[in-house]
Amino acid sequence: MKQKTLLKEVEFEGIGIHSGEISKIVLHPEGENKGIRFLIKGEYIPANYKYVLGTDHATLLGKGGVKVSTVEHLLAVLYMLGIDNLTIEFLRGYEVPILDGSGYYFYKELKDKTLELSQEARFLKIGKGLEVRNCKAYIRAEPSEDFCVVYEGYVRGLLERAKVKYCGNAKEVVFARTFCYEEEVEYLLQRGLAKGGSLKNAVVIGKGFVHNPEGLRSKDEPIRHKLLDLIGDLSLLGYRIKGRIISYGGGHSLNYQLVKSLAESSFSTTFTSSSVSTP
Ligand code: ZN
């Protein structure tokens, strides 16, 4: 598998769900081994777990006194499209536009604009099972010849238990919108979050129903969104993954802990897709 970038520049503009401010980003194609980086106020911030500053309802990266926020939906789509090299420049704002709350518009705009580069993609192989846990929630990483991500969880008042997985079909994941429970809305606003949130970019779940007039895009849409978030956060490893990831009820914070544990595990080995594993 070769590394990829984009054929040409692509722009996205729209409100940031937490900041409530309009953001404008430009995705610039990059050459081999550059990785994915954000560029804001002259500072490059690598899309890497080492730069994670916060995981409260979104993944926040920062370096040199500047920050970029809500990076996970765009990063998930880039990962699923196999794009490894890109500069994401902020022309306005610091939060990736939320668009419709899912990865759908990123996917739609980018899926036919990928460009294969000459170098092989870089992988991290999970050599031994590893688990991170927070109360009842846990995420397990297991050795496997293919890459698969599984998310299991429930939606309070709507869905008792559901299991969804991504094993290569982005269409099963990208459409799923972000969500919150109605009783959380005020609490989020009090804490300066969700200022740009609305029924246009988030599903609001009531007691046994959703407030959005159009309803859910699938009955397990919120679970599929958690899977999208997980894939985006996993991409902060900076490598493609060879192995299986299973999350039960995990969120951004646990995703981050897993990525950090994988990166620092002595059982993880990195290699390029053409070469034999090297430690
Ligand atoms: Zn999300």
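This text goes with the structure placed above it.
Residues numbered from 1 in each chain as written. Predicted model: local features only at pLDDT ≥ 70, side-chain atom pairs only at ≥ 80, totals over all residues. Heavy atoms only, no water.

Peer 1: Hey, could you run me through the sheet that holds strand β7 (residues 60-63) in this one?
Peer 2: Pairing between the strands of a sheet comes from backbone hydrogen bonds, and it takes one of two forms, parallel or antiparallel. Within the open sheet, the 3 strands sit side by side as β6-β7-β8. Their pairing is antiparallel. The outermost strands of the open sheet, each flanked by one partner alone, are β6 (52-54) and β8 (66-69). Each neighbouring strand pair of the sheet contributes to a mean axis angle of 40 degrees, computed without reference to strand direction. Note that β7 and β8 share 4 bridges and pair antiparallel. Counterpart to leucine 60 in the pairing with β8 is serine 69. (Pairing = 2+ DSSP bridges. Helix = DSSP H or I, 4+ residues; strand = E, 2+ residues; numbered from the N terminus. Axes fitted to C-alpha atoms, helices over the stretch in contact; angles between N-to-C directions.)

Peer 1: What should I look at first to understand the packing of helix α4 (residues 221-234) against helix α5 (residues 252-264) in this one?
Peer 2: Two packed helices can be described by the angle between their axes and the distance between those axes. Interhelical geometry of α4 versus α5 gives an angle of 35 degrees and a closest axis separation of 9 Å. As α4 packs across α5, the resulting crossing turns out to be right-handed. Here Asp229, Leu230, Asp233 and Leu234 of α4 come into contact with α5, specifically with His252, Asn255, Leu258 and Val259. Partitioning the contact of α4 with α5 into residue classes produces 4 nonpolar, 2 polar and 2 charged. (Left-handed = near helix turned anticlockwise from the far one by under 90°. Contact = heavy atoms within 4.5 Å. Nonpolar A, V, L, I, M, F, W, Y, C, P; charged D, E, K, R; others polar.)

Peer 1: Just checking my understanding: could you explain the side chain of glutamate 95 for this structure?
Peer 2: Tracing the backbone shows glutamate 95 in the loop between β9 (86-92) and α2 (104-110). In this structure glutamate 95 is buried but unpaired, with lysine 195 as the nearest side chain of opposite charge at 8.7 Å. The contacts of glutamate 95, once residues within four sequence positions are left out, are Gly16, Ile17, His18, Ser19, Gly20, Ser23, Ser69, Thr70 and Phe90. (Buried < 20%, exposed > 50% of the residue type's maximum accessible area, 1.4 Å probe, protein only. Lys, Arg positive; Asp, Glu negative; His and termini not counted. Salt bridge = Lys/Arg side-chain N within 4 Å of Asp/Glu carboxyl O.)

Peer 1: Help me understand the state of the cysteines, please; the structure alone is not making it clear to me.
Peer 2: Here a disulfide denotes one covalent bond, and it connects the sulfur atoms of two cysteines. Counting across every chain of the model gives 1 disulfide. The disulfide partner of cysteine 148 is cysteine 167, and the gap between their sulfur atoms is 1.8 Å. Linking cysteine 148 and cysteine 167, the disulfide has an S-S dihedral of approximately 60 degrees and is accordingly described as right-handed. Remark: cysteine 167 occurs in the loop between β15 (159-166) and β16 (179-181) and cysteine 148 occurs in strand β14 (residues 148-155); sequence separation between them is 19 residues. Among the residues examined, cysteine 148 registers a relative accessible area of 3% and is labelled buried. (Disulfide = S-S within 2.5 Å.)

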